[in-house]
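Analysis of the macromolecular model
In case you want the letters, here they are:
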Amino acid sequence: MAHSPATPLTAEPSARLSGTVRVPGDKSISHRALIFGALAVGETRITGLLEGADVLATAEAMRRLGADVERLADGSWSVHGVGVGGLREPEQPLDFGNSGTGVRLVMGLVAGHPITATFIGDASLSRRPMGRVIAPLTDMGATFHARAGGRLPLTLIGARRAMPIAYPLPVASAQVKSAVLLAGLNAPGQTTVIEATPTRDHTERMLKAFGADVQIETGPRGLLAIRLTGEPELKPCAITVPGDPSSAAFPVVAALLTPGSEIVVQGITLNPHRAGLYTTLKEMGGDIEVMNQREEGGEPVADLRVRASRLRGIEVPPERAASMIDEYPVLAVAAAFAEGTTKMLGIHELRVKESDRIAATASGLRANGIKVHESEDGMSVDGRGGAVAGAGHVATHMDHRIAMSFLVMGLAAQKPVTVDDATMIATSFPDFVPMMRGLGASFSGMGQ
Ligand code: S3P
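The structure presented is a predicted model; accordingly, all values stated were derived computationally and were not measured.

This next bit is on the domain arrangement of the protein chain. By domain assignment, the protein chain separates into domain 1 (9–25 + 242–444) and domain 2 (27–240). A separation of 29 Å is found between the C-alpha centroids of domain 1 and domain 2. The interface of domain 1 with domain 2 comprises 27 residues on the first partner and 27 residues on the second. Run the count over domain 1 and domain 2 and you get four salt bridges. The residue Asp326 makes a salt bridge to Arg200 at a minimum N-O spacing of 3.6 Å. Elements with a contribution of two residues or more to the side of domain 1 that touches domain 2: β17 (299–307) and α11 (400–412).

In this section: the sheet that holds strand β3 (residues 41–47). Taking strand neighbours across the sheet as the criterion, the four strands line up as β4-β5-β3-β14 in an open arrangement whose pairing is mixed. Taken across any chain shown, the strands that pair with only one partner, and hence form the sheet edges, are β4 (68–73) and β14 (238–240). If you compare each strand with its neighbour and ignore which way they point, the axes differ by 20° on average. Two elements, β3 and β14, share three bridges in a ladder whose sense is parallel. Of the residues in β14, the one forming a bridge with Arg45 is Ala238. Sitting on the sheet, helix α1 (residues 27–39) touches β3, β4, β5 (76–82) and β14, and the angle it makes with β5 is about 40°.

Next up on the list: the site of the ligand. Looking at the ligand, the residues that line it are Ser28, Arg32, Thr101, Ala172, Ser173, Ala174, Gln175, Arg200, Ile325, Asp326 and Lys353. In the environment of the ligand, an oxygen atom lies 2.7 Å from a nitrogen or oxygen atom belonging to the side chain of Arg32. At 2.7 Å, a side-chain N or O of Asp326 approaches an oxygen atom of the ligand. Relative to its unbound accessible surface of 380 Å², the ligand loses 95% to contact with the protein. Going through the elements one at a time, α1 and α5 (174–184) are the ones with two or more residues in the shell around the ligand. Among the residues making up the shell around the ligand, the classes are represented as three nonpolar, four polar and four charged. Split by domain, the shell around the ligand shows at least three residues from each of two domains, domain 1 (9–25 + 242–444) and domain 2 (27–240).

So, about helix α3 (residues 100–111). Taking 1.5 Å per residue, twelve residues should reach 16 Å; α3 reaches 16 Å between its end C-alpha atoms and fits that length. Of all twelve residues making up α3, twelve are buried, and the element is well covered by its neighbours. Along α3, the residues that are buried comprise Gly100, Thr101, Gly102, Val103, Arg104, Leu105, Val106, Met107, Gly108, Leu109, Val110 and Ala111. Between the side-chain oxygen at the start of α3 and the backbone nitrogen of Gly102 there is a gap of 2.9 Å, and the oxygen is on Ser99.

Right, let's talk about helix α8 (residues 276–283) for a bit. For an α-helix, 3.6 residues make a turn, and residues three or four places apart therefore share a direction. Inspection of α8 places Gly276, Leu277, Tyr278, Thr280 and Leu281 among the buried residues, and these make up the whole buried set. Where α8 is buried, its residues touch α7 (245–257), β15 (262–269), β16 (287–296), β17, β18 (315–316) and α9 (328–337). Once α8 ends, the next one or two residues include Gly285, with phi positive near 100°.

This next bit is on the pairing of strand β9 (residues 151–157). Alignment of strand β7 (residues 116–120) against β9, held across four bridges, turns out to be antiparallel. Residue pairing across strands places Ala117 opposite Leu156, the latter belonging to β9. Here strand β8 (residues 143–147) runs beside β9; their pairing, made up of five bridges, is antiparallel. Each bridged residue has a counterpart across the sheet, and for Arg147 the counterpart in β9 is Arg151. Hairpin remark: β8 followed by β9, antiparallel, with three residues in the connecting loop; positive phi at Gly149, about 75°.

It is worth spelling out the nonpolar core at this point. Within the largest apolar cluster, 78 residues are counted, with the highest numbers of intra-cluster contacts made by Tyr278, Leu281, Met344, Val381, Phe432, Met436 and Phe443. Ala33, Trp77, Met107 and Tyr167 belong to the second-largest nonpolar core, a separate cluster that totals 66 residues.

Calculation criteria
- Residues numbered from 1 in each chain as written.
- Predicted model: local features only at pLDDT ≥ 70, side-chain atom pairs only at ≥ 80, totals over all residues.
- Heavy atoms only, no water.
- Domains from an automatic or database assignment.
- Contact = heavy atoms within 4.5 Å.
- Salt bridge = Lys/Arg side-chain N within 4 Å of Asp/Glu carboxyl O.
- Helix = DSSP H or I, 4+ residues; strand = E, 2+ residues; numbered from the N terminus.
- Pairing = 2+ DSSP bridges.
- Axes fitted to C-alpha atoms, helices over the stretch in contact; angles between N-to-C directions.
- Near = heavy atom within 4 Å.
- Polar contact = N/O pair within 3.5 Å; in protein donor to acceptor, adjacent residues only side chain to side chain.
- Areas by Shrake-Rupley, 256 points an atom, 1.4 Å probe, with all protein chains shown as cover.
- Nonpolar A, V, L, I, M, F, W, Y, C, P; charged D, E, K, R; others polar.
- Expected span 1.5 Å × (residues − 1).
- Buried < 20%, exposed > 50% of the residue type's maximum accessible area, 1.4 Å probe, protein only.
- Core = buried A, V, L, I, M, F, W, Y, C linked by side-chain atoms within 4.5 Å.

Here it is, written out as structure tokens:
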């Protein structure tokens, strides 16, 4: 995937934000909808699909693996699947761009099929560890030829006959859990994943919706065993993708920090394994009203009304980390405006995301006059109890969430904040800038 040249962007101190918005479809659910659609026999219809670069890369990979994937209208897609076991060997490498979720889930999918595929990605993805999926998928019978340290590019030779395994997750990762379950779909018998810390459960929910037999048992010390019976015939589904709580985090924090703001964000999933940021912001004193709670497409969904608030620093418990793992950079921005210190613990996984998010967040905060203490698996931010100074230039390290977090900071800071590259925002939230402008935000920069 060609990477466009870096485009700096500046967020200017803005007047109050107001209005009602919808954020794009959930990224995790969008990847999975395409993947399960590709494995079902018949037509899966998807509405509300996130059309960001990450998900479009997964759509293209599904085509190369033999599924018929078609865009019907904005967010409306049709997938004709090939059936479990029916994937075709791709003629060209599968390019996942910036997407860790896409590459790791599809490695699981391919590992269970007797085909060979090469996986490539951009510079950020090529630095990220793949050993966490290579290890269990090797146990299931796949073979890998990867760069040193288990990095991309890599070639995967899928199992001739995949073996089911029982796998205790060594890291709290929904991507690893999902990769093992996807490989287990084409293995005879039962594949089990054991989680010590529950992670997002979209794969389990969707497997059930497509007709697979998935049993979830709670064991001693809160361990969760997820048991999948292999070789099901997956039945096509109609999937409505709810709004992404990780994308909603940006307008929500912007409204909390920008004085006088009041916004409504409609239709986001508040799946308990995804909603940790909202619990945390409320504990910090954020005025967030959860409205119209309902269920859509097998996920709990709600609208949020958010009003500007004075926040106070808190200690975020480590056991909450998995439910807000992508939200720490924007939480750290909120913490910079809060009264007192915010401590974030148990967040070592942030070091292996699209960038080292502890390092990138800490240096972005320092560039804007905030004191931060960084440890191997934590970060604490000394809040200013009001508007931060701003005027910083922030290095985004090819990370969409670092870019959006610091643009949010600039809207509420005393002086503008500039990010070195806004292009990666298109991986998860292509309409971020126009949507924020619609709420009253001001941006300036190349091409804007
Ligand atoms: C995701 C899982 C998380 C998250 C990522 C999406 C998923 O990664 O950070 O953005 O869709 O399964 P890990 O599983 O590596 O924690």
